Amino acid sequence: MDHPQSSHEAFITLLLRHEPMVRAAIRAVVLRAEDVDEVMQAVSLVAWRKFDSLTDRGGFGRWACVIARHEVLKFKRARARDRFVLNESLVERIMEEGASECALRAARLSLLERCLEKLPAARRQLLLQAYSPGCTTRAMAELLGQSEDSLYQMLRRLRLELKRCVELGLAAEGGEA
Amino acid sequence: MRTRDLELLDAWRHGRLTQDEFERLQSRLEQDAELRAALRALAEVEEGLSALALEETEAEESRRLQTVGSRGAGGQPELGVRNRWQFIGSNWFPWAVAAAACVVAAFSWWLPHGSKDGLASAEARVKVAEQVTAMLVDDASAVFATPRQPGEVRFDPGTLRTFVRHGAPALCERRRPDRRGSRTL
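Predicted model, so just to flag it, every value in this text is computed and none were measured.

Undergrad: Tell me what's going on with the overall build of chain A, and back it up with residues and numbers.
TA: On a plain count of helices and strands, chain A comes out with 8 helices and 0 strands. In chain A, the succession of α and β elements from N to C terminus is α-α-α-α-α-α-α-α. In chain A, which comprises 177 residues, the proportion classed as buried is 45%. Residue pairs in contact within chain A that sit at least 24 positions apart in sequence constitute 62% of those at least 6 positions apart. Carbon and sulfur atoms form 51% of the exposed surface of chain A, whose accessible area is close to 9,600 Å².

Structure, rendered in structure tokens:
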């Protein structure tokens, strides 16, 4: 077993490295960024408590995704009465399939930044503004003097454009989209 | 993957489906692995955007704090000689107002307080400092929080407060709650 200090450092290093991928996996089924924060916090705590039982640290990302699957299910159960919530078996399936995509997810997130840079500055700024903490489409639409619907359409177009760009980038790098 | 399917996924993620549409989408997701993969890919785009937006917000906050810090310590923004004069020349009005206010502040320091107690004189100085703020913000239109150019006076309305430090009126920024917690500026 590691010295407590080095175990602590190893955990922090691994968690920081894998957090974006784990968060992205959670976000597939947890829609609000604030809820993702809550689930991610629970994942971090459980991972820390069980860290000593992880023998293969190279598999931290996948292991954390498995923990995330359990925590997402707990979170969903607590909100079972909400509308438009995917059923439990589907959530489990989406998360389970996602656990094997950790490496791919890291590549996609890195490509996303490049794709975002390719957008015209005004569009890039619009997207980042829409995803800044606490921003809502309604408030932003009011600020821009647009209807909420037309702003949503524009943001949706940009999101899909980015997704396409990331997939093309992956294909060009020899990965699979 | 059809664009229409991606649009449906996106619409669900943003609360824009009817109950029927949602049921249909859920049933398709149960059967279609490609659609589930597309959902994960779309979620990654959104999570990545959230992370980048947060980075940008924090970087902007950090730049703002550096500017406030350097000014608070009496430092000058990094400007070349020519830019510095251009800066002063193009912004003469707020500076004129500030200079006038300083004169008023200096008079207010000496004239009415010779025989008064410290509290009363401190209150008077706070009033003068408030006037300075009001003049800068109202008369000189010093509401230049964005865009952040080096030659601008940077006051947000409502972000300044006046107080007395070592017996002299001073301005500082109010505490502003951070959206992710409660950080002090």
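Undergrad: Tell me about the packing of aromatic side chains, residues and numbers included.
TA: Residue and element names in this part refer to chain A. Tallying each qualifying case throughout the model produces 7 aromatic pairs over all chains. Here the aromatic rings of Phe11 and Phe51 are separated by 5.2 Å at their centres, their planes lie at 70°, and the arrangement is edge-to-face. Placement of the pair is Phe11 in helix 1 (residues 4–27) and Phe51 in the loop between helix 2 (33–50) and helix 3 (60–78), with a sequence separation of 40 residues. Accessibility assignment for this pair places Phe11 and Phe51 in one class, buried.

Undergrad: Residues and numbers for the nonpolar core, please.
TA: Membership of the largest hydrophobic core comes to 53 residues, with the highest contact counts inside it found for Ile26(A), Phe60(A), Leu86(A) and Leu9(B). Examining the composition of this core, we find that 9 residues originate from one element, helix 3 of chain A, more than from any other. Membership of the second largest hydrophobic core comes to 23 residues, among which are Leu127(A), Leu128(A), Leu155(A) and Ala53(B).

Undergrad: Describe the state of the cysteines, naming the residues involved and giving the relevant values.
TA: Residue and element names in this part refer to chain A. What the rule picks out here adds up to 1 disulfide over all chains. Paired through a disulfide, Cys115 and Cys165 show a sulfur-sulfur distance of 2.0 Å. Residues Cys115 and Cys165 share a disulfide whose torsion about the S-S bond is about -85°; that sign makes it left-handed. On the criterion of sequence distance, the pair formed by Cys115 in helix 5 (residues 102–118) and Cys165 in helix 8 (residues 148–172) is long-range, its members being 50 residues apart.

Undergrad: Which residues make up the packing of helix 5 of chain A against helix 8 of chain A, and what values do they have?
TA: All names here are of chain A. Running from N to C, helix 5 and helix 8 cross one another at 120°; their axes reach a closest spacing of 8 Å. Taken together, the axes of helix 5 and helix 8 lie oblique to each other. For the crossing formed where helix 5 meets helix 8, the hand is right-handed. Of helix 8, the residues touching helix 5 (which contributes Leu104, Ala107, Arg108, Leu111, Leu112, Cys115, Leu116 and Lys118) are Leu162, Cys165, Val166, Gly169 and Leu170.

Undergrad: How would you explain the interface of chain A and chain B if you had to name every residue and give the values?
TA: Taken together, the contact pairs 41 residues of chain A with 36 residues of chain B. Taken together, the two surfaces of chain A and chain B that pack against each other cover about 4,000 Å², and 60% of this comes from carbon and sulfur. Inspection of the region where chain A meets chain B yields 10 salt bridges. Linking chain A to chain B there are 22 residue pairs in polar contact (both at pLDDT 80 or more). The set of elements that each furnish at least two residues to the side of chain A that touches chain B consists of helix 1, helix 2, helix 4 (88–99), helix 5, helix 6 (121–130) and helix 8 of chain A. Considering each element in turn, the side of chain A that touches chain B owes the most residues, 8 residues, to helix 8 of chain A.

Undergrad: Please give an account of the pattern of salt bridges that cites residues and values.
TA: By the definition in use, this model includes 27 salt bridges over all chains. Its salt-bridge partner being Arg23(A), residue Glu47(B) comes within 2.7 Å of it at the nearest N-O pair. Of the two residues, Glu47(B) sits in helix 3 (residues 33–72) while Arg23(A) sits in helix 1, which places them in two different chains. We classify Arg23(A) as buried; its relative accessible area is 12%. Between Arg159(A) and Asp10(B) there is a salt bridge, and its shortest N-O distance comes to 2.7 Å. Here the residue Arg159(A) occupies a position in helix 8, and Asp10(B) occupies one in helix 1 (residues 3–13), the pair thus bridging two chains.

Undergrad: I'd like to hear about helix 5 of chain A, residue by residue, with values.
TA: Relative to the 24 Å expected for 17 residues at 1.5 Å per residue, helix 5 of chain A spans 25 Å between its end C-alpha atoms, a close match to the ideal helical length. Turning to helix 5 of chain A, its buried residues are Cys102(A), Arg105(A), Arg108(A), Leu109(A), Leu111(A), Leu112(A), Cys115(A) and Leu116(A).

Undergrad: How would you sum up the environment of Arg114(A)? Please name residues and give values.
TA: Residue and element names in this part refer to chain A. Relative to the elements of secondary structure, Arg114 occurs in helix 5. Among the residues examined, Arg114 registers a relative accessible area of 44% and is labelled partly exposed. With 51 residues separating them along the chain, Arg114 and Cys165 place their C-alpha atoms 9.2 Å apart.

Undergrad: Just give me the short version of the environment of Arg36(B), but keep the residues and values in it.
TA: Inspection of the secondary structure puts Arg36(B) in helix 3. Taking relative accessible area as the criterion, Arg36(B) reaches 4% and is therefore assigned buried. In the structure, Arg36(B) is positioned 27 residues away from Leu9(B) in sequence and 9.5 Å away in space, judged by C-alpha atoms. In this structure, Arg36(B) is in contact with Leu90(A), Arg93(A), Ile94(A), Glu97(A), Leu29(B), Glu30(B) and Gln31(B), ignoring residues within four places of it in sequence.

Undergrad: Can you lay out a negative patch on the surface for me, pointing to particular residues and giving the numbers?
TA: Together, Glu113(A), Glu117(A), Glu55(B) and Glu58(B) make up a negatively charged patch on the protein surface. Of all the elements in the fold, those that place two or more residues in the negative patch are helix 5 of chain A together with helix 3 of chain B. Tracing the sequence through the fold places Glu55(B) in helix 3.

Quick notes on the rules
- Residues numbered from 1 in each chain as written.
- Chains lettered and ligands numbered in written order.
- Predicted model: local features only at pLDDT ≥ 70, side-chain atom pairs only at ≥ 80, totals over all residues.
- Heavy atoms only, no water.
- Helix = DSSP H or I, 4+ residues; strand = E, 2+ residues; numbered from the N terminus.
- Buried < 20%, exposed > 50% of the residue type's maximum accessible area, 1.4 Å probe, protein only.
- Contact = heavy atoms within 4.5 Å.
- Areas by Shrake-Rupley, 256 points an atom, 1.4 Å probe, with all protein chains shown as cover.
- Phe/Tyr/Trp six-rings, centres within 6.5 Å; stacked < 30°, edge-to-face > 60°.
- Core = buried A, V, L, I, M, F, W, Y, C linked by side-chain atoms within 4.5 Å.
- Disulfide = S-S within 2.5 Å.
- Axes fitted to C-alpha atoms, helices over the stretch in contact; angles between N-to-C directions.
- Parallel < 35°, antiparallel > 145°, perpendicular 65-115°, else oblique.
- Left-handed = near helix turned anticlockwise from the far one by under 90°.
- Buried area = accessible area lost by both parts, 1.4 Å probe.
- Salt bridge = Lys/Arg side-chain N within 4 Å of Asp/Glu carboxyl O.
- Polar contact = N/O pair within 3.5 Å; in protein donor to acceptor, adjacent residues only side chain to side chain.
- Expected span 1.5 Å × (residues − 1).
- Patch = residues over 30% accessible without salt bridge, like charges linked within 9 Å, V, L, I, M, F, W, Y side chains within 5 Å.
- Lys, Arg positive; Asp, Glu negative; His and termini not counted.
- Charge placed at Lys NZ, Arg CZ, Asp CG, Glu CD.

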